[in-house]
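Inside the fold
So you can see what is in the structure, the chains are spelled out below.
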Amino acid sequence: MAEPRPPQTTTFESSTAQRGLRRGLLSVLVFLAAIGLGLLALSQTQVGAGAIAGLWARARPELLLLALLSMTMAFFFMGLRWRALMPPGTQAAPGALMAIICAGLLLNYALPGPVGELGAAWLASRRYRLPLAHALASGVAARLVGLATAAVTAALVWAIADLPVPAEYRRLVGGAVVLIGCGGAVLAALTANPEPWKRLAHLLLDPLARREGWAGPRSRRLLEAFDRTAEDLTEVVRSRPQAWLAAIGWSVASHGSVVTGIVLASAAFGAHADPAGLLFTYATSTAGAVVLFLLPGSQLGWDAMFLGLLVSSAGLPLADASAVALLVRVHHLLVMLLGALALTWLLRRPAHSGSMEQPSTRGSPID
């Protein structure tokens, strides 16, 4: 049996979540205002007014609503993917995990760094009797599975399907696929064996951790958190094979739900897009988000990449592609509002209010 570890230190607090809630709501309002002002300015131009009028005349509200619902279901499947990698016996409700993931998305936009994953893990640990480090490790593993699945999907579609990519863009798009495929391989390696990344973190941060003053204590705390997460991620890797198969299956369901929503959105505007191109566009944009996350203005970068691929890979006219990309962005903002409601509700709930029991290590695959 695995030796019991000392109690962990909570690295996330209610005050941090409340600060993220306020900043996240402000971010959503700013984004919505920017979209509204942009559409208003566009409508004042002759070309823009004609494009908006044409899209409005062709739009089918019932398909737009179905598109939004389908894309929202992706977060439900993400909750199931996360639960599949939690310790055996975890009985967290998928709806509650969906709410926690939406709250984590809001925190990611509001606070610097990958705070959303830590905040979501803290909320899961607070609501259920689940160690914070293991909640974080299973959440990170689930996210890596999702990114790796998207990267593999993009590479397969590019290799198999005859996408309507103009000849002048094929080399550029092909290069992006190679980079994303390599990124997927790195993510898979990170998930399967986090130990080398732990050693790399120590190689980079140990000199800072030995210093006094501002850098030393913070580097030591960062290394401690990284070590604990890597240790728990290793335990997640040793989970039953069926747990990983389930996580991959729920990841495919999540991606499929979003792609279905994009197909419905295209149909709602009367656009005729290449289905394989839409799948490639979504998978490439999703896998590429891990790179854009490191760059400033990553949301705008993702929108630009998504819009460009809708035109170049799915064959959508620019006006229709812009409408679909805008709908996806608005849905993202609506999910953030849902995350604000979920975060408010979760913070008001007492800690460990769920009915799940503390997972036992007896007989578990991590022994």
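Residues numbered from 1 in each chain as written. Predicted model: local features only at pLDDT ≥ 70, side-chain atom pairs only at ≥ 80, totals over all residues. Heavy atoms only, no water.

Describing the overall build of the chain
Note the cut-off: Each helix is a run of DSSP H or I of at least 4 residues and each strand a run of E of at least 2, with the numbering of both proceeding from the N terminus. Any residue under 20% of the maximum accessible area for its type is buried, any over 50% is exposed, and the rest in between are partly exposed; the area is computed with a 1.4 Å probe on protein chains only. Two residues form a contact once any of their heavy atoms are found within 4.5 Å. Accessible surface is estimated by sampling points in the Shrake-Rupley manner with a 1.4 Å probe; for residues, cover comes only from the protein chains shown.
Of the regular secondary structure elements, the chain holds 13 helices and zero strands. The order of helices and strands in the chain, counted from the N terminus, is α-α-α-α-α-α-α-α-α-α-α-α-α. Per-residue burial over the chain gives 46% buried out of 367 residues. If you take every contact in the chain between residues at least 6 apart in sequence, the share linking residues at least 24 apart comes to 76%. Surface accessibility of the chain: about 18,400 Å² in total, with carbon and sulfur atoms responsible for 68%.

Quick word on the side chain of R329
Locating R329 in the fold gives a position in helix α13 (residues 318-348). Ignoring any residue separated from it by four or fewer positions in sequence, one finds R329 in contact with I35, Y109, Q299, W302 and D303.

Observations concerning the nonpolar core
We apply this condition: To form a nonpolar core, buried Ala, Val, Leu, Ile, Met, Phe, Trp, Tyr and Cys residues must be joined to one another through side-chain atoms within 4.5 Å.
Counting 51 residues, the largest nonpolar core has F75, W82, I100 and L343 as its most contacted members. Contributing elements (two or more residues each) for this core: α1 (14-43), α3 (61-84), α4 (94-110), α5 (115-127), α6 (132-160), α9 (215-237), α10 (241-268) and α13. In terms of residue count, the dominant contributor to this core is α4 (12 residues). Not counting residues up to four positions away in its chain, the partners in contact with I100 are W82, A120, L123, A124 and L346. V258, Y282, F306 and L310 belong to the second largest nonpolar core, which has 26 residues in total.

Focus: a nonpolar patch on the surface
Put simply, the test is: Note that patches include only residues with greater than 30% relative accessible area and no salt bridge, and the join distances are 9 Å for like charges and 5 Å for nonpolar side chains (Val, Leu, Ile, Met, Phe, Trp, Tyr). Basic side-chain nitrogens of Lys or Arg form a salt bridge, by our definition, when they fall within 4 Å of a carboxyl oxygen of Asp or Glu.
Side chains of V186, W197, L200, L203, L204 and F226 sit close together on the surface and give an oily, nonpolar patch of about 560 Å² of accessible area. Summarising the element assignment, V186 is placed in helix α7 (residues 167-192). A relative accessible area of 40% means that V186 is categorised as partly exposed.

Topic: the packing of α5 against α13
We apply this condition: Helix axes are fitted to C-alpha atoms over the stretch in contact, other axes to C-alpha atoms as well, and angles between N-to-C directions run from 0 to 180 degrees. Here is the rule for handedness: rotate from the far helix to the near one, and if that takes an anticlockwise turn smaller than a right angle the crossing is left-handed, while a clockwise turn gives right-handed. All amino acids are sorted into three groups, where Ala, Val, Leu, Ile, Met, Phe, Trp, Tyr, Cys and Pro are nonpolar, Asp, Glu, Lys and Arg are charged, and the leftover types, Gly among them, are polar.
Close contact between α5 and α13 brings their axes to 10 Å; oriented N to C, the two are set at 40°. Helix-helix and strand crossings are classified by hand; for α5 and α13 the assignment is left-handed. Across the interface between the two elements, W122, L123, R126 and R127 from α5 touch L343, W345, L346 and L347 from α13. Of the residues assigned to the contact of α5 with α13, the class counts are six nonpolar, no polar and two charged.

Considering the environment of L333
Mapped onto the elements, L333 comes out in helix α13. L333 gets classed as buried once you look at its relative accessible area, which sits at 0%. Taking the C-alpha atoms as reference points, L333 and L106, 227 residues apart in sequence, are found 8.9 Å from one another. Apart from the residues lying within four places of it in its own chain, the contact partners of L333 are V28, F31, L32 and I35.

So, the side chain of S254
Structurally, the position occupied by S254 is in helix α10. Residues contacting S254, with those up to four places away along its chain left out, are A74, F77 and M78.

Remarks on the packing of aromatic side chains
To keep it simple, the criterion reads: Stacked, edge-to-face and tilted labels apply to pairs of Phe, Tyr and Trp rings (six-membered ring for Trp) whose centres lie within 6.5 Å, assigned for plane angles under 30 degrees, over 60, and everything in between, in that order.
On inspection of all chains with the given rule, the structure shows four aromatic pairs. Geometrically, the ring pair formed by F76 and F77 is edge-to-face, given 6.2 Å between the ring centres and 70° between the ring planes. Judged by relative accessible area, F76 falls into the partly exposed class, the value being 27%. Pairing W302 with F306 gives two aromatic rings, centres 4.9 Å apart and planes at 15°, and the pair type is stacked. On the criterion of helical spacing, the pair formed by W302 and F306 is a turn pair, its members being four residues apart in helix α12 (residues 298-312). Assigned by exposure class, W302 and F306 land together as buried. Taken together, the ring pairs connect F76, F77 and W250 into an aromatic cluster.

Structural notes on the environment of A67
Here A67 lies in helix α3. The exposure class assigned to A67 is buried, which follows from its relative accessible area of 0%. With 200 residues separating them in the primary sequence, A67 and A267 have C-alpha atoms 9.5 Å apart. Apart from the residues lying within four places of it in its own chain, the contact partners of A67 are G261, L264, A265 and L327.

With respect to the confidence of the model for the chain
Filter applied, for reference: Every residue carries a pLDDT, the predictor's confidence in it, which falls somewhere between 0 and 100.
On average, residues of the chain score 81 in pLDDT, and 85% of them reach the 70 mark or higher. Mean pLDDT across the secondary structure elements of the chain bottoms out at α9, with 72, and peaks at α3, with 96. Predicted confidence is poor over residues 353-367, with pLDDT under 50, and the contacts of this stretch with residues over four places away or in other chains come to 30 contacts.

Things to note about the environment of H255
Quick note on the threshold: Two N or O atoms form a polar contact when they lie within 3.5 Å of each other; inside protein one atom must be a possible hydrogen donor and the other a possible acceptor, and for residues adjacent in sequence the pair counts only when both atoms belong to side chains.
In this fold, H255 is placed in helix α10. In this structure H255 comes out as buried when scored by relative accessible area, which is 11%. On a C-alpha basis, the gap between H255 and Y282 in space is 8.2 Å, while along the polypeptide they are 27 residues apart. Excluding anything up to four places from it in sequence, H255 contacts G146, T149, A150, Y282 and T286. A polar contact is formed between the side chain of H255 and the backbone oxygen of G146, at a distance of 3.0 Å.

Thoughts on the packing of α1 against α4
Heads up, the condition is: We call two directions roughly parallel when the angle between them is under 35 degrees, roughly antiparallel when it is over 145, roughly perpendicular when it lies between 65 and 115, and oblique otherwise.
Contact geometry of α1 with α4 gives a least axis separation of 8 Å together with a crossing angle of 80°. Taken together, α1 and α4 sit at an angle that is classed as roughly perpendicular. Across the interface between the two elements, A17, G20, L21, R23, G24, L25, S27 and V28 from α1 touch L106, L107, Y109 and A110 from α4.

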